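# Architecture at a glance
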Amino acid sequence: MDNRFNTIAGWALAGGIAALGLSILTGEYFKAERPEKMGYVVEGVEDEGGEAAEAEKPIAFYLASADPAKGADVFKKCAACHNADKGGSNALGPNLWGVLGEPVGQGAHGFAFSEALKGKGGTWDWQNLSDWLHNPKKFAPGTKMTFAGLSKPEDRANIIAYLNQQSDHPKPLPAVPAEAAAAAPAEGAAPAEGNASAEAPAAGNEAAPAAAPATH
């Protein structure tokens, strides 16, 4: 009886070992055949930061067709911290009346700007105001501005066009770089000379509208 039991147990153990070995071999085989990245590529959908993303043109290109009225709508996002009224008081962020042409972080409205913004130097112009609105923390690391930024250059152009109108002396829009102008027809955005009327958006906190210049 014992011999018979031992024989059965032996065969059962051998069968288990064989099954385990087969399982391991099968797993290794299919693992070798498995692609390094699982999933399917969906045509027309690009990875974040992919090379296909079109390079952004200089802000002057977008300003050529900017709409100050749209900028005024965008600026509503900044109204909790800023105003752009002549003689308006500072709030969480500085008053932005006449911000274009003001020294960066040294506005004439008595606002206490952060050291990060004060250290930038220069004056607010079309391009650095766009850079600030795009990513305040990248433009001035350490800024108190909590606004995340405006990723679309069209939104930034609209708000800058709006802020340009909030001034005793609005500035003429910058000339569109030749290479950018040449690409305009293909994109259906023919440059419109001097777009400096109406009201456009802004968004910001420290030194600019929705993202206008220096604020905290």
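For the protein, the name recorded in an unreviewed UniProt entry is Cytochrome c-552, with Edaphosphingomonas haloaromaticamans as its organism.

## Things to note about the overall build of the protein
Helix and strand counts for the protein come out as 8 helices and 0 strands. Reading the protein from its N end, one meets helices and strands in the order α-α-α-α-α-α-α-α. Put simply, the protein has 216 residues, and 38% of those count as buried.

## Some details on the nonpolar core
If you look at soluble globular proteins, the nonpolar side chains tend to sit buried side by side. Counting 34 residues, the largest nonpolar core has Trp132 and Ile160 as the members making the most contacts within it. Every element with two or more residues in this core is listed here: helix H2 (59–63), helix H3 (68–75), helix H5 (126–134) and helix H7 (153–165). The leading source of residues in this core is H7, at 6 residues.

## Topic: the packing of aromatic side chains
According to the stated counting rule, one finds 6 aromatic pairs in the structure shown. Ring centres of Phe75 and Tyr162 lie 5.4 Å apart, and the angle between their planes is 45°; on these two criteria the pair is classed as tilted. Linking Phe75 in helix H3 with Tyr162 in helix H7, this pair joins segments that are 87 residues apart in sequence. Pairing Trp132 with Phe139 gives two aromatic rings, centres 5.8 Å apart and planes at 80°, and the pair type is edge-to-face. Residue Trp132 is classed as buried on the basis of its relative accessible area, which comes to 0%. We classify Phe139 as buried; its relative accessible area is 13%. An aromatic cluster of three or more residues is present, and its members are Trp124, Trp132 and Phe139. Above the plane of the ring of Phe61 lies Lys57, whose end atom (NZ or CZ) is 5.0 Å from the centre. The ring of Phe139 carries Lys120 above its face, with NZ or CZ at 4.4 Å from the centroid.

What counts, and where the lines are drawn
- Residues numbered from 1 in each chain as written.
- Predicted model: local features only at pLDDT ≥ 70, side-chain atom pairs only at ≥ 80, totals over all residues.
- Heavy atoms only, no water.
- Helix = DSSP H or I, 4+ residues; strand = E, 2+ residues; numbered from the N terminus.
- Buried < 20%, exposed > 50% of the residue type's maximum accessible area, 1.4 Å probe, protein only.
- Core = buried A, V, L, I, M, F, W, Y, C linked by side-chain atoms within 4.5 Å.
- Phe/Tyr/Trp six-rings, centres within 6.5 Å; stacked < 30°, edge-to-face > 60°.
- Lys NZ or Arg CZ within 6 Å of the ring centre and 35° of its normal.

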